[in-house]
Each structure stands twice: as structure tokens, then as C-alpha cells.
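Each chain, written out:
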Amino acid sequence: MKKKIVYLFWAIIIIVIGAFLKDQMQSLDPQGAQIQNIYSFLGDKYLDYCEGMPLYEDKEANFDNLSDEVKMCLAFKLLNEDNINNDTLDKVKKKNICTLTEGKDFRVDDDSTEKTVGCSVNVIDEKALSDAYAKIFGKKIQNTIDFNLSGSKICYFDEEGNRYVCGNTVVQNLQIGWAPTTYRLITKAKEKGNKIYLYDYFLAINNDKCYLTNTGSKENTKCSESIGKKTQFNDKFVKKHGQKYLHIFEKDSNGEYHWASSSLVK
């Protein structure tokens, strides 16, 4: 009887300790494969698309307050080159456009000649973009919409081909004067329960001025004043002058992590 009580006592202790440890923050390797994988959800390539890095702003970003267009654009940025096929559409006679379907037009290539007039496009299977979307957000695409990649690139959904076709917009809408060089630095990653908390620094340099958000809504004047010909934009500089952000990822029932929110750390 006494042995059973002792066994029961230690079993309870082990369960309590296990529950306690599970609820504690566990440090993760910021450069490990798992963190680098989910970090790519934030948009680490094609910086001229989606207006740069839209999750780095002065207000919290989450699934509910991001526009459908931004969500689709971020999914596009996650695609591998194997998911993107190249094609060319023929020019419409007497017009500098190519038509995919009625009302969905592209501008001819800037380097087109009389002999090689057409519109270069990228073709993405609907499933490939849907998979990328689900990988980031853990949800299915709610609306198969047309969406802009940038002020000069647009993606149309082609229902007949069940695909997205992306190319030059007929009318360009370029943001003059804002073409920053963006720096980021992961500092730590921690896991607690079903969430991963990832911290990094963000800094955008445009015309020798430092900005702490993607759209330049917050300038770091001390940083701007410190920039000179010999300034080295290294990790030390980014950590000293950049804005710290927190990105939260949540685990689903299959053990996969998806982006939940991003916010600056005040």
C-alpha cells in the first residue's frame, strides 16, 4: 500500500513538473531551419512587391486587418521559382496591350519591337498559390481576386485555366522617391505552449534617412544624422538604430506554425 502511495506521489510530481516546463518559454535557435522557414512568411524576397514589407508598421498587423490583396501578394512572394512559369501573350492589333480575357489587360513589354511585340507574363497554378497562402496563414483563400503585386505589376485570376496570370499593368502607379534599402536582424526566438515568439530589428534607409516602419511613417532622426560616407550598415548598426518587432506564430492541429501577428515593441 505504501509503495502505491509513493508511486502515485512521484507520478503527480512528474505531471506537475511537466506541465510547468511546458508552460515556460523555451529558447529556439534564431538561425535554425524552423525559424528561418516561418521567418520567410514575412516576405523576405521581391521587396518591390506588396509595397515592401507590409507587416512592419506602427500598428499591429494580423489576419483580420490585412487586406485580401496584401495576403495574396505575400503568398505570391513565398512561391518557389518552380511554381512560376513564363509565357508570352500576343499584342492586340493597333493597341499596346495584350488581353487575357475581357477586361483583363496587360501592357506590352517595355523592350518590345515591331517584330517581337507581346506581353511577358508569369503563370501560377491556383493550387500553388493556395498552398502558399495556407502555409502562411493556416487558412484557405477566401476570395479568388485579382491583385496588384506593385504599382506596375498585376495578377489576374483566370477562371477558365484555374490559374493566376501576372504581368505589366496598363497604367503604372509608381511611388516616386520611396525606394528604401531594408535591413532586418533576428535577435531571439522563444516557444511557449502552441506559440513561437520571434523578435527582430527592422530599419529602412531612404535618401540617407532612417525609418522604423515599412512606409516611412516613423523616422529615427538620430540615425539619419549619424549616416556618413563611412557608415557601415551592419548588424550592430541595425540593432542600435532599428525598431524592434515581435512576430507571433501559432501551431495548428497538425503541428505546423502559421503567422498570427506582427507588432513593434515599444
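See the structure above.
Residues numbered from 1 in each chain as written. Predicted model: local features only at pLDDT ≥ 70, side-chain atom pairs only at ≥ 80, totals over all residues. Heavy atoms only, no water.

Draft legend 1. Main features of the nonpolar core. In terms of nonpolar packing, the biggest core is built from 48 residues, with F76, I124, L129, F249 and W259 touching the most fellow members. If near-sequence neighbours (up to four positions away) are discounted, F249 is found in contact with I38, F41, L42, N194, K195, I196, L198, Y257, H258, W259 and A260. Counting eleven residues, the second-largest nonpolar core is a separate cluster that includes L89, C98, C119 and V121. (Core = buried A, V, L, I, M, F, W, Y, C linked by side-chain atoms within 4.5 Å. Buried < 20%, exposed > 50% of the residue type's maximum accessible area, 1.4 Å probe, protein only. Contact = heavy atoms within 4.5 Å.)

Draft legend 2. Representation of the pattern of salt bridges within the structure. A full pass over the atoms with the stated rule returns five salt bridges. A salt bridge links D158 to R163, with the shortest nitrogen-to-oxygen separation between them at 2.8 Å. Look at D158 and you get buried, because its relative accessible area is 7%. Ionic pairing is found between E250 and K195, a salt bridge with its closest N-O pair at 3.8 Å. (Salt bridge = Lys/Arg side-chain N within 4 Å of Asp/Glu carboxyl O.)

Draft legend 3. The state of the cysteines, seen in detail. All told, the structure shown has four disulfides when counted by the stated rule. With a sulfur-sulfur separation of 2.1 Å, C98 is cross-linked through a disulfide to C119. When the S-S torsion is 90°, as for the bridge of C98 with C119, the disulfide is right-handed. Separated by 21 residues along the polypeptide, C98 in strand β4 (residues 97-101) and C119 in strand β6 (residues 118-125) bring together distant segments of the chain. With respect to class, C98 is no different from C119; both count as buried. Indicated for the chain is the disulfide connectivity 1-2, 3-4, 5-6, 7-8, based on numbering the bonded cysteines in sequence order. (Disulfide = S-S within 2.5 Å. Helix = DSSP H or I, 4+ residues; strand = E, 2+ residues; numbered from the N terminus.)

Draft legend 4. Structural detail: helix α4 (residues 126-137). A rise of 1.5 Å per residue sets the reference length of α4, with its twelve residues, at 16 Å; its end C-alpha atoms lie 16 Å apart and thus fit the reference within 8%. All of the buried residues along α4 are E126, A128, L129, S130, A132, Y133, I136 and F137. Two to three positions downstream of the cap, the backbone nitrogen of K127 sits 3.0 Å from a side-chain oxygen, assigning the N-cap of α4 to D125. Following α4 by one or two positions, G138 adopts a phi angle in the positive range, close to 70°. (Expected span 1.5 Å × (residues − 1). Polar contact = N/O pair within 3.5 Å; in protein donor to acceptor, adjacent residues only side chain to side chain.)

Draft legend 5. Molecular detail of empty space enclosed by the protein. Within the structure shown, the criterion is met by one cavity of 30 Å³ or more. The calculated volume of the largest cavity comes to roughly 30 Å³. Along its surface, the largest cavity is lined by D68, M72, Y133, I141, Q142, N143 and I145. (1 Å grid on protein atoms, 1.4 Å probe; cavity = no way out; pocket = protein on both sides within 12 Å on 5 of 7 lines; lining within 4 Å. Points joined across faces, edges and corners; volume = space filled by probe spheres on them.)

Draft legend 6. Quick peek at the packing of aromatic side chains. According to the stated counting rule, one finds 13 aromatic pairs in the structure shown. Members of the aromatic cluster, each reached through a chain of ring pairs, are F63, Y133, F137 and W259. Positioned over the ring face of F63 is K139, at 5.1 Å from the centre of the ring. Cation over ring: K188 sits above Y199, and NZ or CZ is 4.9 Å from the ring centre. (Phe/Tyr/Trp six-rings, centres within 6.5 Å; stacked < 30°, edge-to-face > 60°. Lys NZ or Arg CZ within 6 Å of the ring centre and 35° of its normal.)

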